[in-house]
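Secondary and tertiary structure notes
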Amino acid sequence: YSGSGKMSGPALHPLHAALLERWRGAPRPRDGWLARLVAEALRGDGQVLRLSERRVVLRMQNERGEWVVKLDAPRRRWEGMRRALRAGPALREARLAARLAGAVSGAAQPALGEEPAAGFGVFARPWIEGVSAEAVWAEEAERIGAGLARLHAAGWSDPDLSAADLILPAGGTLLPLDLGHARVARRGITSAARRRADLVRLLASVPERK
């Protein structure tokens, strides 16, 4: 993710304020660090990177550095049943990050995810400094392609892939920013069909330059 502006401010977008209000009534995460990040988010700290009715993604900064924090609180029916059938997005993303860590150079980032109650999830990982693949496609196409091949060799694929969700860290290899819809194969390389699908989605997401 990338963004600019103040890390916090007195006025919150209505969607942001409503989501934080739902979180105020939820149990806090058991992990102490996640609980602290949630408490800071509830104070209105952080720079909003993405926002919807169900989720806010924040860039947060404290003495432990900069972090990306996702607070998920969808208002859907049958959240308890959903949780029993399938892990929520925060847990899935943390598990995928752990499986991907170390398989790709520079990807070994500590990531935490927890669901303190049905319908509530928090995911956090350190901020990754770099440039979006979308912004530097023309200049870095070869490096992006090599990075994509490396991710595929680690078993990664993403049915919701976009160049905007891939980042080139300074001096590092291509990394996915959002693992919410991603898959990491338990054994072996990503299948040929999924590799082709990823490439098509990636090419389709690159805007034309005028």
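Everything that follows concerns the structure shown earlier in this document.
Nothing here was measured: the structure is a model prediction, and the numbers come from that model.

Notes on the sheet that holds strand S6 (residues 130-132)
In space, the 3 strands of this open sheet follow the order S6-S8-S9, with antiparallel pairing throughout. At either end of the open sheet lies a strand with only one pairing partner, and these are S6 and strand S9 (175-176). Of the pairings in the sheet, the one linking strand S8 (residues 166-169) to S9 comprises 2 bridges and is antiparallel in character. Paired with Ile167 across the strands is Leu175, a residue of S9. With respect to the sheet, helix H5 (residues 137-153) is in contact with S8 and S9, its orientation differing from that of S8 by roughly 110°.

Looking at the pairing of strand S5 (residues 120-126)
With 7 of 7 residues buried, S5 is to be regarded as a mostly interior element. Here S5 shows a buried face lined by Phe120, Val122, Ala124 and Pro126 and a second buried face lined by Gly121, Phe123 and Arg125. Relative to S5, strand S3 (residues 65-72) runs antiparallel, the two being bridged by 6 bridges. Note that in S5 the partner of Leu71 across the bridge is Val122. Looking at chain direction, strand S4 (residues 112-117) and S5 are connected through 4 bridges and run antiparallel. Bridge pairing in S5 places Ala117 opposite Phe120. Connecting S4 to the next strand, S5, in antiparallel fashion are 2 residues, including Gly119 with a positive phi near 90°.

Observations regarding the pairing of strand S2 (residues 55-62)
A large share of S2 lies buried, amounting to 6 of its 8 residues. As paired strands, strand S1 (residues 47-51) and S2 are joined by 4 bridges and run antiparallel to one another. Considered in S2, the bridge of Arg50 is made with Val57. Between S1 and S2, which pair antiparallel in sequence order, lie 3 residues.

Side note on helix H4 (residues 89-100)
Along an α-helix, residues three or four positions apart point the same way, because every turn accommodates 3.6 residues. Counted at 1.5 Å a residue, the expected span for H4 with its 12 residues is 16 Å, and the 16 Å between its end C-alpha atoms agrees. Pro89, Ala90, Glu93, Ala94, Leu96, Ala97 and Leu100 are the residues of H4 that are buried. Around the axis of H4, the buried residues are gathered within 165° of arc, so they sit on the same side.

Thoughts on the sheet that holds S4
Ordered in space as S1-S2-S3-S5-S4, the 5 strands form an open sheet in which the pairing is antiparallel. The sheet is open, and its two borders are formed by S1 and S4, each paired with just one other strand. In this sheet, neighbouring strand axes are inclined to one another by 20° on average, regardless of whether the strands run parallel or antiparallel.

Focus: the packing of aromatic side chains
Per the stated rule, a full pass over the model turns up 2 aromatic pairs. Pairing Trp23 with Phe120 gives two aromatic rings, centres 5.4 Å apart and planes at 80°, and the pair type is edge-to-face. Of this pair, Trp23 sits in helix H1 (residues 14-24) while Phe120 sits in strand S5, placing them 97 residues apart in sequence. You'll find Trp23 and Phe120 in the same group, each marked buried. In this structure, Arg59 is placed above the aromatic ring of Trp127, and the distance from its NZ or CZ to the ring centre is 3.8 Å. Here Arg64 stacks its cationic end above the ring of Trp33, 3.9 Å away from the centre of that ring.

Let's talk about the nonpolar core
Within the largest apolar cluster, 26 residues are counted, with the highest numbers of intra-cluster contacts made by Trp156, Leu166, Leu174 and Leu202. For this core, the secondary-structure elements that each account for two or more residues are H4, H5 and S8. It is H5 that provides the largest number of residues to this core, a total of 4 residues. Sequence-distant contacts of Leu166, that is, excluding residues within four places in its chain, are made with Val131, Ser132, Ala133, Leu151, Trp156, Leu161, Leu174, Leu175, Pro176 and Leu202.

Quick notes on the pattern of salt bridges
One pass over the full model with this rule turns up 13 salt bridges. When the shortest N-O distance is used, the salt bridge between Arg36 and Glu63 registers 2.6 Å. Residue Arg36 is found in helix H2 (residues 32-42), and its partner Glu63 is found in the loop between S2 and S3; the two are separated by 27 residues along the sequence. Given the relative accessible area of 32%, Arg36 is considered partly exposed. Between Arg59 and Glu66 there is a salt bridge, with the nearest N and O atoms lying 2.5 Å from each other. Linked through salt bridges whose partners overlap, the residues forming this network are Arg50, Lys70, Glu93, Asp165 and Asp178.

Conventions adopted
Residues numbered from 1 in each chain as written. Predicted model: local features only at pLDDT ≥ 70, side-chain atom pairs only at ≥ 80, totals over all residues. Heavy atoms only, no water. Pairing = 2+ DSSP bridges. Helix = DSSP H or I, 4+ residues; strand = E, 2+ residues; numbered from the N terminus. Contact = heavy atoms within 4.5 Å. Axes fitted to C-alpha atoms, helices over the stretch in contact; angles between N-to-C directions. Buried < 20%, exposed > 50% of the residue type's maximum accessible area, 1.4 Å probe, protein only. Expected span 1.5 Å × (residues − 1). Arc of directions from axis to C-beta. Phe/Tyr/Trp six-rings, centres within 6.5 Å; stacked < 30°, edge-to-face > 60°. Lys NZ or Arg CZ within 6 Å of the ring centre and 35° of its normal. Core = buried A, V, L, I, M, F, W, Y, C linked by side-chain atoms within 4.5 Å. Salt bridge = Lys/Arg side-chain N within 4 Å of Asp/Glu carboxyl O.

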